[in-house]
Amino acid sequence: MPDAATPTTDDSELAQPRSMWHLFVAFSVLALQGFGGVIAVAQRELCERRRWLTPQDFVELLSGAQVLPGPNVCNLSLMIGDRFFGWRGALVALSGMIAAPMALMLLLAWLLGEASHVAQVQGLIKGALGGIAAVAAGQIVGTVLKLAAPIKHHVLGWPTCAALAALAFSMMAFLHWPLVWVLLGLGLLTCTGTYLLLLRRALSAPRSQA
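Okay, so let's go over this structure. (Residues numbered from 1 in each chain as written. Predicted model: local features only at pLDDT ≥ 70, side-chain atom pairs only at ≥ 80, totals over all residues. Heavy atoms only, no water.)

### So, a nonpolar patch on the surface
Quick reminder of the rule: Patch membership is restricted to residues that have no salt bridge and whose relative accessible area is over 30%. Joining uses 9 Å for like charges and 5 Å for the nonpolar side chains Val, Leu, Ile, Met, Phe, Trp and Tyr. All accessible-area figures derive from a Shrake-Rupley calculation using a 1.4 Å probe, and residue coverage is judged against the displayed protein chains alone. The term salt bridge refers to a pairing of a side-chain nitrogen on Lys or Arg with a carboxyl oxygen on Asp or Glu at a separation within 4 Å. Numbered from the N terminus, helices here are DSSP runs of H or I no shorter than four residues, and strands are runs of E no shorter than two. For every residue, the accessible area obtained with a 1.4 Å probe (protein chains only) is divided by the maximum for its type, and the residue is called buried under 20%, exposed over 50%, and partly exposed between those limits.
A grouping of L32, L104, L107, W110 and L111 is seen on the molecular surface, where their side chains present a nonpolar patch of about 500 Å² in accessible area. It is helix α4 (residues 72–114) that contributes the most residues to the nonpolar patch, four residues altogether. Mapped onto the fold, L111 is located in helix α4. For L111, a relative accessible area of 41% gives the class partly exposed.

What follows is the structure, encoded as structure tokens:
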């Protein structure tokens, strides 16, 4: 019998939100954990803790969210909400994602405005933000490594996927190409290659069975 604390990836064992209020609370909790970016904790929260998605589902939804205009996390919340409750769920999930952070940011902006004339307080704030940035960078790196796990099952093979990831990183980090062109270029190349390989596999399957 598997340990209850061990996350499962079987579609038959996936859970789902009990109601739209449950969906709203879940995305509000997720948003409040997103120091440095919600994506850094979304995979753990949605796949491992709540078990609403498999890691493969999460990667596929995130890939779609990244190529659409707008913030990735907002696109992702809309897609997941629609997955469970249609357009109403999409609006509820998006509301949960932005309501609490927006209230906190308005409060923080007011506090910073009140403390702007105190030089000592400004130094403390800058130091705190610098420390948070380092933690956020570590979260993002850890999330990238976890998201890479389903790649080993991809039809292109993990060496090709790793090479594409390294190429995308080089284009943005060293060549300073705009993200949209990197996504459109490598994304189109990857989609075309995946489609052709899947098509060839589908055509060869009946022959092997015959």
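### Observations concerning helix α3 (residues 55–67)
For clarity, the cut-off: One less than the residue count of a helix, multiplied by 1.5 Å, gives the span that helix is expected to have. What the arc describes is the spread of directions from the helix axis to the C-beta atoms.
In this model α3 runs 19 Å from its N-terminal to its C-terminal C-alpha over 13 residues, within 8% of the 18 Å that 1.5 Å per residue would give. Within α3 the residues assigned to the buried category are D57, F58, L61, L62 and A65. On an axial view of α3, the arc spanned by its buried residues comes to 125°, and they lie on one face.

### Focus: the pattern of salt bridges
Across all of its chains, the model carries three salt bridges by this definition. A salt bridge links E45 to R50; the nearest nitrogen and oxygen atoms lie 3.1 Å apart. Each member of the pair, E45 together with R50, is buried. R83 is the partner of D57 in a salt bridge, and the nearest nitrogen-oxygen pair spans 3.4 Å. With D57 in helix α3 and R83 in helix α4, this residue pair connects regions lying 26 residues apart in the sequence. We classify D57 as buried; its relative accessible area is 14%. Take R83: its relative accessible area is 41%, and that puts it in the partly exposed class. Salt bridges linked by common partners bring E45, R49 and R50 together as one network.

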